[in-house]
Amino acid sequence: RAAVSSETSVSALPSAITVVGEGKVRIKPDMATVNVGVERVNATVKEATTQASQTMEAVMAALVAAGVDAKDMQTSGYGIWADREYGSEGRGEEPVRYRVNNNLQITIRAIDKVGAVIDAATEAGANNIYGIQFSLAEPAAAEAEARSKAVTSARAKAAELARLNDV
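A brief structural summary. Everything quoted here is computed from the prediction, not taken from an experiment.

Calculation criteria
- Residues numbered from 1 in each chain as written.
- Predicted model: local features only at pLDDT ≥ 70, side-chain atom pairs only at ≥ 80, totals over all residues.
- Heavy atoms only, no water.
- Helix = DSSP H or I, 4+ residues; strand = E, 2+ residues; numbered from the N terminus.
- Expected span 1.5 Å × (residues − 1).
- Buried < 20%, exposed > 50% of the residue type's maximum accessible area, 1.4 Å probe, protein only.
- Core = buried A, V, L, I, M, F, W, Y, C linked by side-chain atoms within 4.5 Å.
- Contact = heavy atoms within 4.5 Å.
- Arc of directions from axis to C-beta.

Taking 1.5 Å as the rise per residue, helix H3 (residues 140-164) with 25 residues should run 36 Å; its terminal C-alpha atoms sit 36 Å apart, in good agreement. Among all positions in H3, only Ala142, Ala146, Ala150, Ala154 and Ala162 are buried. Phi turns positive one or two residues past the end of H3, at Asp166, with a value near 55°.

Okay, here's the thing in structure tokens:
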């Protein structure tokens, strides 16, 4: 006699629907960050760095006078390089001039003063203005609202798909 035994085990996986929800919140910014720069060109590195430094000091003083707190100003870049004219043979010609670039990132906490702050910087000698970004000082509430809307959106999509598929 021979005995044959067989076991079959089937795991039933539950049906699943995966959806993605999106939540958008439109808000008015209450602060801005902007980069201002001073670039100076001169025959010597020393002259160019001295001029750039003096101009940046004047820019920073003007920013403080315009209401920017000193803790809201941070150097974001500094560079020195030789600027050569190239002749017809591709070689650098004399005289060499030196460029110094000093950049400052400013946080402007009073959104209604952005224009006045930029004006103060340029009037004091800043000749590069770029990277203006508007944001919220405290984004947590807006982010929470957007997440809530995203979950509501995802649940609505999941309920619709479940209904359409009889699950």
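For the rest of this paragraph, the subject is the nonpolar core. As a rule of thumb, soluble globular proteins bury nonpolar side chains together. In this structure, Val36, Val59, Leu63, Leu104 and Ile106 are the most contacted members of the largest nonpolar core, which totals 20 residues. Those elements that place two or more of their residues in this core are strand E1 (31-42), helix H1 (45-65), strand E3 (92-108) and helix H2 (114-123). Considering each element in turn, this core owes the most residues, five residues, to H1. Discounting residues that sit within four places of it in the chain, Val36 has contacts with Met56, Val59, Asn102, Asn103, Leu104, Ile106, Ala121, Ala126, Asn128 and Ile129.

Now for H1. Under the 1.5 Å per step criterion, the end-to-end length of H1 is 30 Å for 21 residues, consistent within 8% with the ideal 30 Å. For H1, the set of buried residues is Ala48, Thr49, Ala52, Thr55, Met56, Val59, Ala62 and Leu63. Along the long axis of H1, the arc covered by the buried residues comes to 150°, so they all point the same way. Facing away from the buried surface of H1 by more than 90 degrees, the exposed residues are Lys46, Gln54, Glu57 and Ala65. Phi for Gly67, located one or two positions after H1, is positive at around 105°.

These figures capture arrangement, not role.
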